[in-house]
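Chain residues, written in single-letter form:
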Amino acid sequence: MKKNIAILGSTGSIGTQTLQVVESYPDKFQVELLSANNNSSLLIEQAKKFQPNCIVISNEEKYAEVSEALKNEPIKVYAGHDALNQAVQAEDIHIVLTALVGFSGLMPTYYAIKAGKDIALANKETMVVAGEIITKIANEKEVNILPVDSEHSAIFQCLAGEFMNPIEKIILTCSGGPFRNKSLGELKNVTPQDALAHPNWDMGAKITIDSATLINKGFEVIEAKWLFGLQAKNIEVIVHPQSIIHSMVQFTDGSIKAQMGLPDMKLPIQYALSFPSRLQTNYPRFNFADYPSLDFEPPNTKIFRNLALSYVASEKGGNMPCILNAANEVVVSAFLQRKIGFLEMSEIIEEAMELVNFIAKPDLNDYLNADLETREVTEMLINRK
Ligand code: MN3
């Protein structure tokens, strides 16, 4: 039986790579739903090619253009965020791959889980913002949350056959980003263009900046905490510039399992879609003789303060990781527009974490409000700079 897939964020980096995977296994997967935020022309092209039952363009201003272009196709076209929250619940969908950017991934993921759909999770912000609620509902609905993030996929693969064995710690590997060896002085004047040249992974603009500041790794600590039921203090980050080991699990007997290979996002994507099976591929293979040494070093949290702030937010709990995420989205966008410098991103996030109302036991509405409040506060802090 084919798996019917919904791809949220189909025009982004993960979305387009997911469609490459789907295309390689036409007898395994069928696209049921595609959604994009803004990129109407690529969404139209994808819809014609993959013939989903339904597509959603989040930007309602693009509805006329998209529906006109597809008027001769048997494809339902909807627009807007509410339409997406509805569309993910369709009966024929088996698994929802969430590759939306940032906070926007939360509500569609929430509704998909409520409707009993398995989730292939590429939108880590969903877990950062509301991991407690999301994992609780997923348990109630007996829904699987399968990680697409390469580090979490690695851990998930290391845990196959180990589910009864306690974990001592998780070791998340981190490429270090484009600014790995830079000093504070050098970082003061780096530009978005400098940051967008990532050494190992080809990704969208937001996650590329997040990787350069290491907040991406901080988010991954929080994501791992919820996915694998750990405390942040049992999740360690190690810089590994070659990105060959994708992450590791250390068990209580001291044994460490690592998952490794050449970095290619298509692998974790397809493992999430085909789990528990592995699909044969012809991707290039890792050759040990090409890598006489693999390097490791601790991250410098005095320089890359966003990583330290992520541990603080995780420790504090409640809506603090949500505040961290919202403040980050706003400062990243300000940095990309060159309104603030690289190091100011951490300063402003830290101030926002102090200023926004803390709620120890938030419900879903509290998260939505904290997100809005943080955005306002962060904008104010940016304009003051
Ligand atoms: Mn990752």
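Fair warning: this is a prediction, and the values are worked out from it, not measured in the lab. (Residues numbered from 1 in each chain as written. Predicted model: local features only at pLDDT ≥ 70, side-chain atom pairs only at ≥ 80, totals over all residues. Heavy atoms only, no water.)

Novice: Before we go on, may I ask you to explain empty space enclosed by the protein in this structure?
Specialist: Any empty space left between atoms is shown by rolling a water-sized probe over those atoms. By the definition in use, this model includes 1 cavity of 30 Å³ or more. Lining the largest cavity are Thr-213, Ile-303, Phe-304, Arg-305, Asn-306, Phe-342, Leu-343 and Ser-346. For the lining of the largest cavity, the secondary structure elements donating two or more residues are helix 13 (305–316) and helix 15 (342–355). Examining the composition of the lining of the largest cavity, we find that 3 residues originate from one element, helix 15, more than from any other. Here the lining of the largest cavity is built from residues that sort into 4 nonpolar, 3 polar and 1 charged. (1 Å grid on protein atoms, 1.4 Å probe; cavity = no way out; pocket = protein on both sides within 12 Å on 5 of 7 lines; lining within 4 Å. Points joined across faces, edges and corners; volume = space filled by probe spheres on them. Helix = DSSP H or I, 4+ residues; strand = E, 2+ residues; numbered from the N terminus. Nonpolar A, V, L, I, M, F, W, Y, C, P; charged D, E, K, R; others polar.)

Novice: What's the story with the coordination of the manganese ion in this structure? I'm lost.
Specialist: Six octahedral donors around a metal ideally subtend angles of 90 or 180 degrees, whereas four tetrahedral donors ideally subtend 109.5 degrees. Bound to the manganese ion are the protein donor atoms Asp-149 (OD), Glu-151 (OE) and Glu-220 (OE), situated 2.1 to 2.2 Å from the metal. Here the donor residues of the manganese ion are spaced in sequence according to D-x1-E-x68-E. Residue Asp-149 is classed as buried on the basis of its relative accessible area, which comes to 9%. Note on Glu-151: relative accessible area 8%, which makes it buried. (Donors = N, O, S within 2.8 Å, 3.2 Å for Na, K, Ca; no water. Buried < 20%, exposed > 50% of the residue type's maximum accessible area, 1.4 Å probe, protein only.)

Novice: So what exactly am I meant to see when it comes to the packing of helix 6 (residues 124–140) against helix 11 (residues 215–228) here?
Specialist: Helix-helix packing is described using two parameters, namely the angle between the two axes and the distance between the axes. Their axes nearest at 8 Å, the elements helix 6 and helix 11 cross at an angle of 20 degrees. The angle between the axes of helix 6 and helix 11 places the two elements in the roughly parallel class. Read as a crossing pair, helix 6 and helix 11 show a hand that is left-handed. Contact residues: Lys-124, Glu-125, Met-127, Val-128, Gly-131, Glu-132 and Thr-135 in helix 6; Asn-216, Phe-219, Glu-220, Ile-222, Glu-223, Trp-226 and Leu-227 in helix 11. For the contact of helix 6 with helix 11, the class distribution of residues is 6 nonpolar, 3 polar and 5 charged. (Axes fitted to C-alpha atoms, helices over the stretch in contact; angles between N-to-C directions. Parallel < 35°, antiparallel > 145°, perpendicular 65-115°, else oblique. Left-handed = near helix turned anticlockwise from the far one by under 90°. Contact = heavy atoms within 4.5 Å.)

Novice: What's the story with the packing of aromatic side chains in this structure? I'm lost.
Specialist: Where two aromatic rings form a pair, the distance of their centres and the angle of their planes describe that pair. Following the criterion strictly, the structure yields 9 aromatic pairs and no others. Between Tyr-25 and Phe-29 the ring centres are 6.4 Å apart and the planes differ by 85 degrees, which places this aromatic pair in the edge-to-face class. Tyr-25 gets classed as buried once you look at its relative accessible area, which sits at 11%. Overall, the relative accessible area of 5% leaves Phe-29 in the buried class. An angle of 85 degrees between the planes, with centres 5.1 Å apart, marks the rings of Phe-179 and Phe-342 as edge-to-face. In this pair, Phe-179 sits in the loop between strand 8 (167–174) and helix 8 (184–187) while Phe-342 sits in helix 15, placing the two residues 163 residues apart along the sequence. Members of the aromatic cluster, connected to one another through ring pairs, are Phe-156, Tyr-271 and Phe-275. Just above the ring of Tyr-283 sits the side chain of Lys-266; from NZ or CZ to the centre is 5.0 Å. (Phe/Tyr/Trp six-rings, centres within 6.5 Å; stacked < 30°, edge-to-face > 60°. Lys NZ or Arg CZ within 6 Å of the ring centre and 35° of its normal.)

Novice: It is not clear to me how the sheet that holds strand 10 (residues 245–251) should be interpreted in this structure. Could you clarify?
Specialist: Note: strands within a sheet are paired through backbone hydrogen bonds, in either parallel or antiparallel orientation. One open sheet holds the 4 strands; their spatial order is 9-8-10-11, and the pairing between them is mixed. One side of each edge strand has no neighbouring strand; the edge strands of this open sheet are strand 9 (235–239) and strand 11 (256–260). Sheet twist, expressed as the mean angle between neighbouring strand axes with direction ignored, is 20 degrees. Here 4 bridges tie strand 8 to strand 10, and the two strands are oriented antiparallel to one another. By the bridge assignment, Ile-170 is partnered in strand 10 with Val-249. Sheet strands in contact with helix 11 are strand 8 and strand 9, and its direction is about 150 degrees off that of strand 8. (Pairing = 2+ DSSP bridges.)

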